[in-house]
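The lines below spell out each chain.
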Amino acid sequence: MGSIMTEFTLAIAATVIAATLAGVYFTSLNQVADLQKLQVLGLKEQLYYRCDIIYAHSSSGSTIIRLWVKNTGFKDLPRDLIKRSEIIILSENEVHYLLYGDSPSSWSYKLLNDSDNDGRWDPSETIEVEVHLSRSLTSGDYYLKFILFNGAESEYSLSV
Amino acid sequence: MSSLGGLIVFAALTAASLAMMGYMVVTMATHNQLFTERIKLMEEVGERCTGYLEIESMAKLQDNRTVEAVVKNVGAGSIPVKEFDEMDLIMIYRNSNGSVRAEWLPYDPGGNSERGWSVLNITYHGADELKNPVAADLSSGFWDDGESLAIRAWIGGDQDIADEFMLIMVAPNGVRTR
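Here the structure is a predicted model, which means the values were calculated and not measured. As a convention, each chain's residues are numbered from 1 in the sequence order in which they are written. To read the labels, note that chains go from A and ligands from 1, taken in the order they are written. Whole-chain, interface and lining totals are the exception, using all residues; otherwise, since this is a predicted model, local features are given only for residues with pLDDT of at least 70 and side-chain atom pairs are given and counted only at 80 or more.

Draft legend 1. Region of interest: the overall build of chain B. In terms of regular secondary structure, chain B is built from one helix and ten strands. In sequence order, the secondary structure elements of chain B are arranged as α-β-β-β-β-β-β-β-β-β-β. Computation of the radius of gyration draws on C-alpha atoms, with the globule rule given as 2.2 Å multiplied by the number of residues to the power 0.38. Computed over C-alpha atoms, the radius of gyration of chain B comes to 29 Å, more than 25% over the 16 Å expected from 2.2 N^0.38 for 178 residues, which places it beyond the range of a compact globule. Along the first, second and third principal axes, the C-alpha set of chain B runs to 110 × 40 × 25 Å. Remark: C-beta atoms are placed from the backbone, and a residue is labelled buried if 20 or more other C-beta atoms sit within 10 Å of its own, exposed if 12 or fewer do, or partly exposed between those counts. For chain B, the proportion of its 178 residues judged to be buried stands at 24%. Contacts are defined on C-beta atoms placed from the backbone: any two residues whose C-beta positions lie within 7 Å are in contact. Intrachain contacts of chain B at a sequence separation of at least 6 include 63% that bridge at least 24 residues. Secondary structure elements follow DSSP: runs of H or I of four or more residues count as helices, runs of E of two or more count as strands, with numbering from the N terminus.

Have a look at this one:
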């Protein structure tokens, strides 16, 4: 009887140990898979929403800078997401951080080739961004950065 | 009864092994799918990053508001004529007032807009294109690698191109002139 109890206890112990080891192994595999999924999701978001400043133009004494920005991603951006973009302008002496709006230091945009007229910034379409500054530009070099809602950014060097 | 204990252990371990193998197969399939997805994404990015457009020649016409240019597709892939409205053409020029202006010009195949650009022809080494020829009405066809696109671009009547000018062309996939 004692022998049966010993064997039974050993069997239960072996099963519990095997189950515990399997649990640890499965949990680790799950974590690796989750990490990979997150990586792919991150990669997708970075690739889906991207832009490229094609050209920027302004002149000394002007308070306006025009940028032409192309959607080089794979997804379209609705108005709300476009408006969440930010613009940073750096020069030797000043820094401008601009949000979408109507104030003197802000930016606005218009869709240039919205062939389907859906008001969305589709892939391959271009927007003309008008940057309004509170002070006029002086001669020198400026470094422009257009940052999308997801942090994807495009940079451009402008000299006026 | 000792064989009963052995059987229980054997059964439990077999069940655990089967479950583990099944789970491993599912996990490997998931990993494989994620890996394939990553490769596909990288391929899509690669397609967008290749090649460039090269301006072979450009000239200003006598009206001082129209220019003609020939742009070569150097490894930028086949660009469908139907997507020409997604191309960008920016003309930078100095007008007779001395100020430098930059204008984004819309694609206007009919040439009816006040400002815009249109296609004159697509050629391959100076002769008619061989691959994916473009229809006369520009309803089909591709601007392929190695082919040259002749365009005409014009600015508004209230402006003029006094001397030098520059063109920046960007394909729908983001490939641009050098």
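Draft legend 2. Structural context of the overall build of chain A. The helix and strand tally for chain A stands at two helices and eight strands. Taken from the N to the C terminus, the helices and strands of chain A come in the order α-β-β-α-β-β-β-β-β-β. Taking 2.2 N^0.38 as the reference for a compact globule, 160 residues should give roughly 15 Å; the C-alpha atoms of chain A span a radius of gyration of 28 Å, well beyond that estimate. Dimensions along the principal axes, computed over C-alpha positions, put chain A at roughly 100 × 40 × 25 Å.

Draft legend 3. Representation of the domain arrangement of chain A. All names here are of chain A. Considered domain by domain, chain A is made up of domain 1 (1-48) and domain 2 (51-159). Throughout, the edges of the domains are those of an automatic or database domain assignment. Each of domain 1 and domain 2 has a C-alpha centre, and the two are 50 Å apart. Counting residues at the interface gives four residues for domain 1 and five residues for domain 2. Lys, Arg, Asp and Glu make up the charged group, whereas Ala, Val, Leu, Ile, Met, Phe, Trp, Tyr, Cys and Pro make up the nonpolar group; the residues left over, Gly among them, are polar. When grouped by side-chain class, the residues that make up the side of domain 1 that touches domain 2 number two nonpolar, one polar and one charged.

Draft legend 4. Expanded view of the interface of chain B and chain A. Listed per partner, the contact involves 34 residues of chain B and 37 residues of chain A. Among the elements of the structure, helix H1 (2-49), strand S4 (88-94), strand S5 (100-105) and strand S10 (165-170) of chain B are those that each provide at least two residues to the side of chain B that touches chain A. A total of 19 residues in the side of chain B that touches chain A trace back to one element, the largest contributor, which is H1(B). For the side of chain B that touches chain A, a count of residues per class yields 19 nonpolar, seven polar and eight charged.

Draft legend 5. Main features of the domain arrangement of chain B. Domain annotation for chain B reports domain 1 (1-49) and domain 2 (52-170). On a C-alpha basis, the centres of domain 1 of chain B and domain 2 of chain B stand 55 Å from each other.

Draft legend 6. Quick peek at the nonpolar core. The nonpolar core is taken to be a set of buried Ala, Val, Leu, Ile, Met, Phe, Trp, Tyr and Cys residues joined by way of C-beta atoms within 7 Å. The biggest cluster of nonpolar side chains holds 55 residues, and the ones touching the most others in it are A:Leu67, A:Val69, B:Leu89, B:Met91 and B:Ala153. For A:Leu67, the residues in contact, after removing those within four places along its chain, are A:Ile53, A:Ala56, A:Val129, A:Val131, A:Leu144 and A:Phe146.

Draft legend 7. Expanded view of the sheet that holds S10(B). All names here are of chain B. By the convention used here, strands pair only if DSSP detects at least 2 bridges between them. Overall, antiparallel pairing links the three strands, which are arranged S5-S4-S10 in an open sheet. Looking at the sheet topology across the chains shown, the edges are occupied by S5 and S10. Within this sheet the neighbouring strands show an average axis-to-axis angle of 15°, counted without direction. Convention adopted: a line fitted to C-alpha atoms gives each axis, helices being fitted over their contacting stretch, and angles between N-to-C directions are expressed from 0 to 180 degrees.

Draft legend 8. Looking closely at the sheet that holds strand S4 (residues 95-100) of chain A. Residues and elements named next belong to chain A. Read across the sheet, eight strands follow the order S1-S2-S6-S5-S4-S3-S7-S8 without closing on themselves; strand pairing throughout is mixed. Of all strands in the sheet, those bounded by a partner on one side alone are strand S1 (51-57) and strand S8 (153-159). The average undirected angle you get between the axes of adjacent strands in this sheet is 25°.

Draft legend 9. Quick peek at the environment of B:His31. Counting through the fold element by element, B:His31 comes out in helix H1. Among the residues examined, B:His31 registers 14 C-beta atoms within 10 Å and is labelled partly exposed. Separated by 29 residues in the primary sequence, B:His31 and B:Lys60 place their C-alpha atoms 58 Å from one another. Apart from the residues within four sequence positions on either side, B:His31 is in contact with A:Ala33 and A:Gln36.

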